[in-house]
Amino acid sequence: MRTASLVIVGAGVIGASLAYHLARRGWREILVLDRSHGPGQGSTGRATGGFRAQYATPTNVRLSLLSRDKLRCFTEETGGSAGYLPAGYLWLASTASELEVLRAARRVQHQEGLTEAVEVGPEEIARLNPAVALDEVIGGAFCPSDGFISPVGIVEGYLTAAQRLGVELEWQVEVTGLRRGQGNRIALVETSRGPVSPGAVVNAAGPWAAQVGRWIGLDVPVIPLRRQVAATAPTHLLPDTMPMTIFTIDGFHLRVREGRILLLWPTPGVPGRPFDTGVDDEWIEAVVEKAHRRVPAMRRSAIDRDACWAGLYEVSPDKHAILGPAPDCPNLFLLNGCSGHGVMHAPALGQLLSEVISDGAASTMDVSPLRPGRFREGDLNPVSEML
Ligand SMILES: Cc1cc2nc3c(=O)[nH]c(=O)nc-3n(C[C@H](O)[C@H](O)[C@H](O)COP(=O)(O)OP(=O)(O)OC[C@H]3O[C@@H](n4cnc5c(N)ncnc54)[C@H](O)[C@@H]3O)c2cc1C
């Protein structure tokens, strides 16, 4: 039977980063399996490419700062292109309570060393993004080192570098089951190309992570959540360097990518069809109406219906990643539930889980708030609905 020291289920940005970091630590016979046809076919290729360190918890800020260091030297490390462009993230508050949430988060950010994150008033907002109508805005938050990254550049960079270091990567292979053996360990990975006997297994299946757990009766609390994106026809109305601009009142945000303006606004998924990635016409109408009101220049743009898309967030109950050995299964590791931050945090998370798998613990930062057992223990991270 085929053997592998470690089988990674999923070659999205998370599986790719982990494969690279393990290989760099000298691991051999790593097998990465993905049922799709090539890089970026899961959530990774649907991401809009935002990067931010403006979070509300120390753990998420630290993950971003570690990732940011790694994004800055991504080309030297992997030969690929992460496309890091520090254009900033601009949060806009329309009530005093929203402003207070941003302030509380900034106190955490400053404690963690993100001192360039600042409060901004209407005048500063007008300078940072002159396109925004200020009538609903009383203030906000800005961090100049936040900005944009290239999801496909990052996944391809890690996969190529991993393969150079000997990682075996196979597309169009469906993992269909896991079987336990002695000591509750995974003894067999069943695939559409036959079984594999693994030393260890990593669940990097993105929004499909819960399914992987179900094969061995393990609850991996990750649910898919549809996110829709409305794209305009190519336009010069707004510059590519415009900061990601977010209205905290309802999460509506916009950026410019490759000459198109992308509009996002979080809504619940499709009832009863959690993996549906269709785009609703009514949603487009509603998001365009918001855009016209809040960014008046948008009235001169047109939506390109064929360029609109949707993808799936992989949401955990506390909107923090799940990283570490699975409870009750010593050779299964989880790297799931990034809750819509997976591309920006992949460089950090891949490194950290490679430390856990190799050394039994992470040395770069404390990952105990991300341990899989926290849900059973009822020790969740604080959830911020805004950021
Ligand atoms: C619209 C949208 C915008 C986003 N914007 C951002 C952003 O600005 N910044 C950011 O950081 N993140 C963003 N995200 C979130 C980001 O895309 C995800 O967090 C990230 O891509 C998760 O990576 P992953 O590798 O876990 O999942 P995926 O990329 O989905 O990879 C999982 C892989 O597992 C494979 N797989 C699953 N089950 C099996 C199986 N049984 N057998 C074989 N293969 C299997 C799938 O084919 C897939 O390729 C966005 C997401 C969406 C939808």
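Refer to the structure printed above.
In what follows, the accompanying structure is described. (Residues numbered from 1 in each chain as written. Predicted model: local features only at pLDDT ≥ 70, side-chain atom pairs only at ≥ 80, totals over all residues. Heavy atoms only, no water.)

Below, the discussion takes up the overall build of the protein. If you tally the helices and strands in the protein, you get ten helices and 18 strands. Taken over the C-alpha trace, the protein has a radius of gyration of 21 Å; the compact-globule value for 387 residues is 21 Å, and the two agree within 12%. Oriented by its inertia axes, the alpha-carbon framework of the protein measures out at about 65 × 45 × 40 Å. The burial tally for the protein puts 58% of its 387 residues in the buried class. Intrachain contacts of the protein at a sequence separation of at least 6 include 74% that bridge at least 24 residues. For the protein, the accessible surface area stands at approximately 15,400 Å², while carbon and sulfur atoms represent 51% of it. Counting 37 positive and 41 negative side-chain charges, the protein places the centres of these two groups 2 Å from one another. (Helix = DSSP H or I, 4+ residues; strand = E, 2+ residues; numbered from the N terminus. Rg over C-alpha atoms; globule rule 2.2 N^0.38 Å. Buried < 20%, exposed > 50% of the residue type's maximum accessible area, 1.4 Å probe, protein only. Contact = heavy atoms within 4.5 Å. Areas by Shrake-Rupley, 256 points an atom, 1.4 Å probe, with all protein chains shown as cover. Lys, Arg positive; Asp, Glu negative; His and termini not counted. Charge placed at Lys NZ, Arg CZ, Asp CG, Glu CD.)

It is worth spelling out the pattern of salt bridges at this point. Taken as a whole, this structure holds 29 salt bridges when the rule is applied. A salt bridge links R179 to E190, with the shortest nitrogen-to-oxygen separation between them at 3.2 Å. Taken together, the residues span a long stretch of sequence, with R179 in strand β9 (residues 175–180) and E190 in strand β10 (residues 186–191) at a distance of eleven residues. With a relative accessible area of 22%, E190 lands in the partly exposed category. A salt bridge links K319 to E385, with the shortest nitrogen-to-oxygen separation between them at 3.8 Å. Here K319 is found in the loop between β16 (309–315) and β17 (322–326), whereas its partner E385 is found in the segment after α10 (374–377), with 66 residues between them in sequence. Residue classification places K319 among the partly exposed positions, given a relative accessible area of 25%. Judged by its relative accessible area of 67%, E385 is exposed. (Salt bridge = Lys/Arg side-chain N within 4 Å of Asp/Glu carboxyl O.)

Once that is clear, we can look at the sheet that holds strand β4 (residues 89–93). The strand order across the open sheet formed by eight strands is β5-β6-β4-β13-β14-β15-β12-β16, and the pairing between neighbours is mixed. The sheet is open, and its two edges are formed by β5 (118–120) and β16, each paired on a single side. Averaged over all neighbouring strand pairs, the angle between strand axes comes to 25°, with direction disregarded. As paired elements, β4 and strand β6 (residues 139–143) share five bridges and run antiparallel to each other. Across the sheet, residue W91 finds its bridge partner in β6, namely A141. Contacts between helix α8 (residues 281–294) and the sheet are confined to β12 (223–231), β13 (244–247) and β15 (260–264), with β15 contributing the most and set at about 110° to the helix. (Pairing = 2+ DSSP bridges. Axes fitted to C-alpha atoms, helices over the stretch in contact; angles between N-to-C directions.)

Residues other than glycine seldom take positive phi values, yet E258 does so here, at roughly 50°. Looking at the element boundaries, E258 is found in the loop between β14 (253–257) and β15. Residue E258 is classed as exposed on the basis of its relative accessible area of 69%.

On to the state of the cysteines, then. In the structure shown here, the tally under the stated rule is zero disulfides. No disulfide involves C338; its sulfur sits 20 Å from the nearest other cysteine sulfur, which is in C73. (Disulfide = S-S within 2.5 Å.)

This next bit is on the site of the ligand. Around the ligand there are 36 residues in total, and D34, T44, G50, E314 and M344 lie nearest to it. Between an oxygen atom of the ligand and a main-chain N or O atom of G342, the distance comes to 2.8 Å. Here an oxygen atom of the ligand and a backbone polar atom of M344 are 2.7 Å apart. Only α1 (13–24), β12, β16 and α9 (342–359) provide two or more residues apiece to the shell around the ligand. Looking at side-chain class alone, the shell around the ligand contains 16 nonpolar, 14 polar and six charged residues. (Near = heavy atom within 4 Å. Polar contact = N/O pair within 3.5 Å; in protein donor to acceptor, adjacent residues only side chain to side chain. Nonpolar A, V, L, I, M, F, W, Y, C, P; charged D, E, K, R; others polar.)

On to helix α6 (residues 151–164). A rise of 1.5 Å per residue sets the reference length of α6, with its 14 residues, at 20 Å; its end C-alpha atoms lie 20 Å apart and thus fit the reference within 8%. Restricting attention to buried positions, one finds in α6 the residues P151, G153, I154, V155, G157, Y158, L159, A161 and A162. Considering only its buried residues, α6 is in contact with α1, α2 (58–72), α3 (74–78), β8 (168–170) and α9. Two residues or fewer past α6, G166 is found with a positive phi of approximately 105°. (Expected span 1.5 Å × (residues − 1).)

Core analysis: the biggest nonpolar cluster contains 58 residues, and I8, I154, L323, L349 and L353 have the highest contact counts within it. Mapped onto this core, the elements with two or more residues apiece are β1 (2–9), α1, β2 (30–33), α2, α6, β11 (196–203), β18 (329–336) and α9. A total of nine residues in this core trace back to one element, the largest contributor, which is α9. Leaving out residues up to four positions away in the same chain, L349 has contacts with I14, L63, A321, L323, L335, C338 and L370. Grouped together as the second largest cluster of nonpolar side chains are 29 residues, W283, V287, V288 and A291 included. (Core = buried A, V, L, I, M, F, W, Y, C linked by side-chain atoms within 4.5 Å.)

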